[in-house]
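# Close look at the chain arrangement
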Amino acid sequence: VREGSSADVPAILASGVIFNPRVGFEHMAVAEDDDGAIVGVAKAFRSGLHQTRYWTTVRVVESARLSGIGRELVQELAGLRAEDLPFAYRCRADDPALEFLKSLGATPYQVVPGLRLDLTDEATLAWIDALPDGGDAEIVSAESLTDDELIDAWVAMYEWTHERWSPVRSREDVARVFAEEVR
């Protein structure tokens, strides 16, 4: 296990390790077998929106899993961090990686059920009415909004959703990251 670099990307891609080369990284560790072939990779980066943690990916080829390589990659990656910030990993509740993460001492800091909001449901309408100025709330189709109004609504929702557990640096950053996708 050693520090990795962009020069390792072709060998990583050839190894069969699932790896998205389009996602940049600040730090990377790679694991090689005795013949020098890549058998695992871990990378970490801080997003432009949330600077309080390193988003992390750990991948090991199937034939080398459960051998301690993933743990060694995380330990190497921890030593490469420019700041002593925690690692974070985003996944579904049924992701097999959760057992690996728990074995490293990871704990969930947020569990988000999929959003399924029926805007015509009686309970939803009652909730809206109970909001401060809820009587002024109006349910409209996104098609009736301009791109700027839609982006502003998305940014406000994102900022509000993250304010208690992972505040964003600025509304402008959120707009920069998501505006094109919202359009």
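These remarks concern the structure in this document. (Residues numbered from 1 in each chain as written. Predicted model: local features only at pLDDT ≥ 70, side-chain atom pairs only at ≥ 80, totals over all residues. Heavy atoms only, no water.)

## Considering the overall build of the chain
The line we're drawing: To qualify as a helix, a DSSP run of H or I must reach at least 4 residues; to qualify as a strand, a run of E must reach at least 2; elements of each kind are numbered from the N terminus. The classification of residues rests on relative accessible area computed with a 1.4 Å probe and restricted to protein chains. Under 20% of the type maximum is buried, over 50% is exposed, and intermediate values are partly exposed.
Counting its regular elements, the chain contains six helices and five strands. Secondary structure elements of the chain occur, N-terminal to C-terminal, as β-α-β-β-β-α-β-α-α-α-α. Principal-axis analysis of the C-alpha atoms places the extent of the chain at approximately 70 × 30 × 30 Å. Across the 183 residues in the chain, those meeting the buried criterion constitute 28%.

## Observations regarding the sheet that holds strand S1 (residues 2-3)
Applicable threshold: Strand pairing is assigned whenever DSSP detects at least two bridges linking the two strands. The contact criterion used is simple: two residues touch if any of their non-hydrogen atoms lie within 4.5 Å. Note on definitions: angles span 0 to 180 degrees between N-to-C directions of axes, and those axes are lines fitted to C-alpha atoms, for helices only across the stretch in contact.
Strand order in the open sheet made by the five strands is S1-S2-S3-S4-S5, with mixed pairing throughout. Looking at the sheet topology across the chains shown, the edges are occupied by S1 and strand S5 (87-88). Summarising the sheet, strand S2 (residues 27-32) and strand S3 (residues 38-45) pair through six bridges and their orientation is antiparallel. The residue of S3 that forms the bridge with Glu32 is Ile38. In the packing of helix H2 (residues 69-80) onto the sheet, the strands contacted are S1, S2, S3, strand S4 (54-60) and S5, and the crossing angle to S2 comes to about 145 degrees.

## Section: the side chain of Arg53
On the secondary structure map, Arg53 appears in the loop between S3 and S4. Among all residues touching Arg53, those that are not within four sequence positions of it are Phe45, Arg46, Leu85, Pro86, Ala88, Tyr109, Trp165 and Ser166.

## Quick word on the side chain of Lys43
Let me state the cut-off plainly: By the counting rule applied here, Lys and Arg register as positive and Asp and Glu as negative, while His and the ends of each chain are not counted. Salt-bridge detection follows one rule: a side-chain nitrogen of Lys or Arg within 4 Å of a carboxyl oxygen of Asp or Glu.
Its location among the elements puts Lys43 in strand S3. Buried charged residue Lys43 carries no salt bridge. Nearest counter-charge: Asp8, at 12 Å. Contact partners of Lys43, with chain neighbours within four places excluded, come to Phe19, Asn20, Val23, Phe25, His27, Met28, Trp55, Thr56, Thr57 and Leu77.

## Examining the packing of aromatic side chains
What counts, and what does not: When two rings of Phe, Tyr or Trp (its six-membered ring) have centres within 6.5 Å they constitute a pair, described as stacked for plane angles under 30 degrees, edge-to-face for angles over 60, and tilted for the intermediate range.
Counted according to the given criterion, the structure contains three aromatic pairs. On the basis of an interplanar angle of 65 degrees and a centroid distance of 5.6 Å, the ring pair of Trp154 and Phe178 is categorised as edge-to-face. Taken together, the residues Trp154 in helix H5 (residues 147-162) and Phe178 in helix H6 (residues 171-182) connect sequence positions 24 residues apart. The partly exposed category is assigned to Trp154, whose relative accessible area is 31%. Taking relative accessible area as the criterion, Phe178 reaches 16% and is therefore assigned buried.

## Points about H2
The test is simple: Expected span, for any helix, means 1.5 Å times one less than how many residues it has. Working note: the arc is built from the helix axis to C-beta atom directions.
The terminal C-alpha atoms of H2, which comprises 12 residues, lie 17 Å apart, in line with the 16 Å expected from a rise of 1.5 Å per residue. Of all the positions in H2, only Ile69, Gly70, Leu73, Val74, Leu77 and Leu80 are classed as buried. End-on view of H2: buried residues confined to an arc of 135 degrees, all on one side of the axis. Across H2 from its buried face, at more than 90 degrees, point the exposed residues Gln75 and Gly79.

## Notes on the pairing of S2
The buried fraction of S2 is high, at five of six residues. Pairing geometry for S1 and S2, over two bridges, is antiparallel. Bridge pairing in S2 places Glu3 opposite Ala29.

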